[in-house]
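Geometric and topological summary
Now for the letters of each chain:
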Amino acid sequence: KVAVAGPGLALVPPSRLLRLAAASQQSSCIAQTALGPVAGAAAQSLESWTAEDVSELMLLVATSGFAENSPGAKRLFSRVTEVLTPRLSALSVTVLLKVV
């Protein structure tokens, strides 16, 4: 197994974390080993993410079939409520549909 977790993962820019999460759709190995840690790392810096990127990451994690019950995904889903609720009035219809 490849180590993908650790404190350094939280320092990876949001665009790179999202790309890694998107790669999980193409590789079950990435989905099984990286998506949960990526979700957990993203949860730490979610305030700096755009609403569109947050909704995309949520969709990738929730539909992965591997990571949706991981500790990282649980942190992500709980943080999304905190981060997106104040932004609800500014969210586009597309983002709202992804989040709901």
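Time to look at the overall build of the chain. Per the secondary structure count, the chain includes six helices and zero strands. Listed by position from the N terminus, the elements making up the chain come as α-α-α-α-α-α. Rg of the C-alpha trace for the chain: 13 Å, near the compact-globule value of 13 Å for 100 residues, within the 12% margin. On the principal axes, the C-alpha backbone points of the chain span a range of 45 × 25 × 20 Å. Burial statistics for the chain: of 100 residues in total, 37% are counted as buried. At a minimum sequence separation of 6, the contacts of the chain that also span at least 24 residues come to 67%. When the accessible surface of the chain is split by element, carbon and sulfur atoms take 60% of a total near 5,700 Å². Taken together, the 8 basic and 6 acidic charged side chains of the chain have centroids lying 7 Å from each other.

Okay, the environment of Ala43 next. For Ala43, the location among the structural elements is in helix α3 (residues 35-44). Relative accessible area serves as the criterion here: at 4%, Ala43 is assigned to the buried category. In contact with Ala43, not counting residues within four places along its chain, are Arg75, Leu76 and Arg79.

Applying the stated criterion to the full structure yields two salt bridges. Its salt-bridge partner being Arg79, residue Glu47 comes within 2.2 Å of it at the nearest N-O pair. Of this pair, Glu47 sits in the loop between α3 and α4 (51-62) while Arg79 sits in helix α5 (residues 71-84), and the two are 32 residues apart along the sequence. What makes Glu47 partly exposed here is its relative accessible area of 49%. Here Glu82 ties to Arg79 by a salt bridge, and the two come within 3.1 Å at their closest N and O atoms. With Glu82 and Arg79 both in helix α5, this residue pair falls three residues apart, about one helical turn. What makes Arg79 buried here is its relative accessible area of 16%. Each of Glu47, Arg79 and Glu82 takes part in a single network of salt bridges with overlapping partners.

So, how was this worked out
Think of each chain on its own: its residues are numbered from 1, step by step along the sequence as written. Predicted model: local features are reported for residues with pLDDT of at least 70 only, side-chain atom pairs are reported and counted for 80 or more only, and whole-chain, interface and lining totals are derived from all residues. Side-chain calculation: all heavy atoms of the structure are included, whereas hydrogens and water are not. Secondary structure elements are defined from DSSP: runs of H or I of at least 4 residues count as helices, runs of E of at least 2 residues count as strands, and each element is numbered from the N terminus. Atoms counted for the radius of gyration: C-alpha only. Globule rule: 2.2 Å times residue count to the power 0.38. Only protein chains enter the accessibility calculation, which uses a 1.4 Å probe; a residue is then buried when its area is under 20% of its type maximum, exposed when over 50%, and partly exposed in between. Note on contacts: a residue pair is in contact if any heavy atoms of the two residues lie within 4.5 Å. Each accessible area is a Shrake-Rupley result for a 1.4 Å probe, and residues are judged covered by the shown protein chains and nothing else. Under this rule, positive means Lys or Arg and negative means Asp or Glu; His and the chain ends count for nothing. Where a charge sits is defined by one atom per residue type, namely NZ (Lys), CZ (Arg), CG (Asp) or CD (Glu). Here, a salt bridge means any side-chain nitrogen of Lys or Arg that lies within 4 Å of a carboxyl oxygen of Asp or Glu.

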